[in-house]
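Architecture at a glance
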Amino acid sequence: MTASPVRTERRGRVLEVTLDRPKANAIDLKTSIVLGDIFKEFRDDPEMRVALITGAGEKFFCPGWDLKAAADGDAVDGDYGVGGFGGLQEMRAMNKPVIAAVNGICFGGGFEWALSADIILAADHATFALPEIRSGTVADAASVKLPKRIPYHIAMEMLLTGRRLDAEEGARWGFVNQIHAADKLMEEARKLADHLASGPPLVYAAIKEIVREAEALTFQDAMNRITKRQFESVDVLYDSEDQMEGARAFSEKRDPVWKGK
């Protein structure tokens, strides 16, 4: 095993996070805590704008919860750290874009980790499944998220049977944004990450907060909160230099220069 279960690399304003736990990149309590600390630091760093997550190697993105560690004492309801399982699915106020580059097997908690991202790119050989049903436990985050993301009956089939889907079917049902050849996946993911990193961070923050909070609101209640500036990110955006810069750049027919303030 490597010295750390996670590798990070800062590329300009992009943080690359690579899960690296041979042989399969499964996540145990220790790894989840490490990931939570990484994503909290990313969230709070004004210089960083986009995170890109992937798995080491060519076979596994992440098969999910480390069942061997569980057999050795890791509790299924243990302390997974500040961001919950995988450091992302319960990370509060994560108002920056996160891209998942799924480079292989993406099962169980690994699939839930990918679902915690905003955009999912997949290698053409990637596969997705929720096999928890076969080991007598529940895919908790997927049970909450997946029926809201894809057709109900497809989500329920995955949850109730553990059926494996390939990348093409994942794209057809809408949880995979793009499919790339395995040797081009990271190149394409980095292009997308760089594109997002050049965009308006305060607008991204507003989009993510609105989308997240609107899940529990009616349409009109959500619109009222936006127009009355009751979302913190919207309030910050409407008083920002970037808001004025966007309008000036449009009128002057030039590219805007985003400062994030």
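What counts, and at which threshold
- Residues numbered from 1 in each chain as written.
- Predicted model: local features only at pLDDT ≥ 70, side-chain atom pairs only at ≥ 80, totals over all residues.
- Heavy atoms only, no water.
- Salt bridge = Lys/Arg side-chain N within 4 Å of Asp/Glu carboxyl O.
- Helix = DSSP H or I, 4+ residues; strand = E, 2+ residues; numbered from the N terminus.
- Buried < 20%, exposed > 50% of the residue type's maximum accessible area, 1.4 Å probe, protein only.
- Contact = heavy atoms within 4.5 Å.
- Core = buried A, V, L, I, M, F, W, Y, C linked by side-chain atoms within 4.5 Å.
- Phe/Tyr/Trp six-rings, centres within 6.5 Å; stacked < 30°, edge-to-face > 60°.
- Polar contact = N/O pair within 3.5 Å; in protein donor to acceptor, adjacent residues only side chain to side chain.
- Pairing = 2+ DSSP bridges.
- Axes fitted to C-alpha atoms, helices over the stretch in contact; angles between N-to-C directions.

**A look at the pattern of salt bridges**
Counted by the stated rule, this structure contains 24 salt bridges. For Arg-7, the salt bridge is made with Asp-20, and the minimal N-O distance between the two is 3.0 Å. Highlighted residues: Arg-7 in strand S1 (residues 6–11) and Asp-20 in the loop between strand S2 (14–19) and helix H1 (29–44), separated in sequence by 13 residues. The class for Arg-7 is partly exposed, based on a relative accessible area of 43%.

**Some words on the environment of Ala-222**
Take Ala-222: it is sitting in helix H9 (residues 219–227). Residues Ala-222 and Asp-194 lie 28 residues apart in sequence; the distance between their C-alpha atoms is 31 Å. Residues in contact with Ala-222, not counting those within four places in the same chain, are Ala-214, Leu-217 and Phe-231.

**Considerations on the nonpolar core**
The biggest cluster of nonpolar side chains holds 46 residues, and the ones touching the most others in it are Phe-39, Ile-53, Phe-61, Val-102, Phe-111, Trp-113 and Phe-128. Considering every element that reaches this core, the biggest residue donor is H1, with five residues. Not counting the four nearest positions on each side in its chain, Val-102 is found in contact with Phe-61, Ala-114, Ile-120, Leu-121, Ala-122, Ala-123, Ala-126, Phe-128 and Leu-185.

**Here's the deal with the packing of aromatic side chains**
What the rule picks out here adds up to five aromatic pairs. Taken together, a centroid distance of 5.0 Å and an interplanar angle of 55° make the contact between Phe-111 and Phe-175 tilted. Of this pair, Phe-111 sits in helix H3 (residues 108–115) while Phe-175 sits in the loop between helix H6 (167–173) and strand S10 (178–180), and the two are 64 residues apart along the sequence. When sorted by exposure, Phe-111 lands in the same class as Phe-175, which is buried.

**Here's the deal with the side chain of Thr-54**
Mapped onto the elements, Thr-54 comes out in strand S3 (residues 50–55). A polar contact is formed between the side chain of Thr-54 and the backbone oxygen of Ala-101, at a distance of 2.8 Å. Not counting chain neighbours up to four residues away, the residues in contact with Thr-54 comprise Val-17, Thr-18, Leu-19, Phe-61, Ala-101, Asn-103, Trp-113 and Met-186.

**Points about the sheet that holds strand S7 (residues 119–123)**
Spatially, the six strands line up as an open sheet ordered S1-S2-S3-S5-S7-S10, and their pairing is mixed. Of all strands in the sheet, those bounded by a partner on one side alone are S1 and S10. Along the sheet, successive strands turn relative to each other by an average axial angle of 20°, direction set aside. With six bridges joining them, S1 and S2 adopt antiparallel strand pairing. Each residue of the ladder has a partner; that of Thr-8, found in S2, is Val-17.

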